[in-house]
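Report on the structure
What follows is the residue order along each chain.
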Amino acid sequence: MLGVFSSSIVSPPDELVAAGSRTPSPKTKAGALVNRFLETNPSAVSLQIGDHAQLAFTHHNQSPIQPRSFAVKDEIFCLFEGALDNLGSLKQQYGLGKSANEVVLVIEAYKALRDRAPYPPNHVVGHLEGNFAFVVFDKSTSTLFVATDQFGKVPLYWGITADGYVAFANDADLLKGACGKSLASFPQGCFYSTAVGETVGELRSYENPKNKITAVPAREEEIWGAKFMVEGPTVIAATK
């Protein structure tokens, strides 16, 4: 799956911008990235959303136990990969029918987050049990919401294309050709969200929302430009 968003939707993370500047390498534009995805994935489909966002996905080579899915409802677009262990109880919580799948559930969870503000985002994602990665784009508010499971069982990567688009994909090699060193693995157990009408996003751990997330520059031989890590709490030992 692939999602690309212009700087009018989300500002490129400073850490990835710095990584790309530190070790320049060939990069391509967002349009070429989407075209490459479509050319290399049989039966792939793409969707242009306004002038500043594009989504693409395929069922080709997907895991039978962690399938990919796509849905749109009320101008909310969602790409989802994985499976939720507690889907049944969540469908009851959100008042969904028996036929609703994970991607529909995530859209409803996002709507609850958006419409019941200030409902904490970490509560919404923290209730999801299983292996997953998803990208939600709300066209009506130009809001982006991205998350992965706490164990990183479903890989997700993000990077910056040559024309400044922020790209999310489950294929690291796909992004490497377009983003160069402006590329990182999306940190497990975290979510990235832009506020309504804002382009500056917030990257937080939904398990430990108060803990700061830092980006450590990667070694030259690695394909990544940086590695995002959730800092642990500072422990102060008592002395007698």
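All values reported here derive from a predicted model rather than from experimental measurement.

What counts and how
- Residues numbered from 1 in each chain as written.
- Predicted model: local features only at pLDDT ≥ 70, side-chain atom pairs only at ≥ 80, totals over all residues.
- Heavy atoms only, no water.
- Helix = DSSP H or I, 4+ residues; strand = E, 2+ residues; numbered from the N terminus.
- Rg over C-alpha atoms; globule rule 2.2 N^0.38 Å.
- Buried < 20%, exposed > 50% of the residue type's maximum accessible area, 1.4 Å probe, protein only.
- Contact = heavy atoms within 4.5 Å.
- Areas by Shrake-Rupley, 256 points an atom, 1.4 Å probe, with all protein chains shown as cover.
- Lys, Arg positive; Asp, Glu negative; His and termini not counted.
- Charge placed at Lys NZ, Arg CZ, Asp CG, Glu CD.
- Pairing = 2+ DSSP bridges.
- Axes fitted to C-alpha atoms, helices over the stretch in contact; angles between N-to-C directions.
- pLDDT = per-residue confidence, 0-100.
- Phe/Tyr/Trp six-rings, centres within 6.5 Å; stacked < 30°, edge-to-face > 60°.

Glancing now at the overall build of the protein chain. In terms of regular secondary structure, the protein chain is built from six helices and 14 strands. Here the protein chain has a C-alpha radius of gyration of 18 Å; the compact-globule value for 240 residues is 18 Å, and the two agree. Each principal axis of the C-alpha atoms in the protein chain carries an extent, and together these give about 70 × 50 × 35 Å. Per-residue burial over the protein chain gives 48% buried out of 240 residues. Across the protein chain, contacts joining residues at least 24 apart in sequence account for 60% of those joining residues at least 6 apart. Carbon together with sulfur atoms contributes 52% to the accessible area of the protein chain, which is approximately 11,700 Å² in total. Side-chain charges of the protein chain comprise 21 positive and 24 negative groups, with the mean position of each set lying 3 Å from the other.

It is worth spelling out the sheet that holds strand β4 (residues 68–73) at this point. What the six strands build is an open sheet, ordered β4-β5-β6-β7-β11-β12; its pairing is antiparallel. Whereas interior strands pair on both sides, the edge strands pair on one side only; in this sheet they are β4 and β12 (201–205). Between one strand and the next, the sheet's axes are offset by a mean angle of 15°, whatever the strand orientation. Looking at chain direction, β4 and strand β5 (residues 76–84) are connected through six bridges and run antiparallel. If you follow Phe 70 over to β5, its bridge partner there is Leu 79. Strands in contact with helix α4 (residues 102–115) are β4, β5, β6 (130–138) and β7 (143–148); relative to β5, the strand with the most contacts, it is inclined by about 125°.

Across the protein chain, the average pLDDT comes to 86, with 90% of residues at 70 or higher. Segment residues 234–240 is flagged for pLDDT under 50; beyond a separation of four residues in sequence, or across chains, it makes zero contacts in the model.

Further remarks concern the packing of aromatic side chains. According to the stated counting rule, one finds 14 aromatic pairs in the structure shown. For the ring pair Phe 5 and Phe 137, a centre distance of 5.6 Å and an interplane angle of 45° mean the geometry is tilted. Residue Phe 5 is located in strand β1 (residues 2–5), and its partner Phe 137 is located in strand β6; the two are separated by 132 residues in the primary sequence. The exposure classification of Phe 5 matches that of Phe 137, with both residues buried. Geometrically, the ring pair formed by Tyr 110 and Phe 145 is tilted, given 6.3 Å between the ring centres and 45° between the ring planes. Remark: Phe 145 occurs in strand β7 and Tyr 110 occurs in helix α4; sequence separation between them is 35 residues.

What follows is about the sheet that holds β1. Pairing between sheet strands relies on hydrogen bonds along the backbone, with the strands arranged either parallel or antiparallel. One open sheet accounts for six strands, arranged β2-β3-β1-β9-β8-β10; its pairing is antiparallel. Two strands in the sheet have a free side with no partner beyond their single neighbour: β2 (45–49) and β10 (183–185). If you compare each strand with its neighbour and ignore which way they point, the axes differ by 15° on average. Pairing of β1 with strand β9 (residues 166–169), which is carried by four bridges, proceeds in the antiparallel orientation. In the sheet register, Leu 2 faces β9, and the bridge partner there is Ala 169. Helix α2 (residues 30–40) rests against β1, β2, β3 (53–57) and β9 of the sheet, and its axis sits at about 170° to β1. Running at roughly 10° to strand β8 (residues 157–160), helix α6 (residues 172–179) makes contact with β1, β8, β9 and β10 of the sheet.

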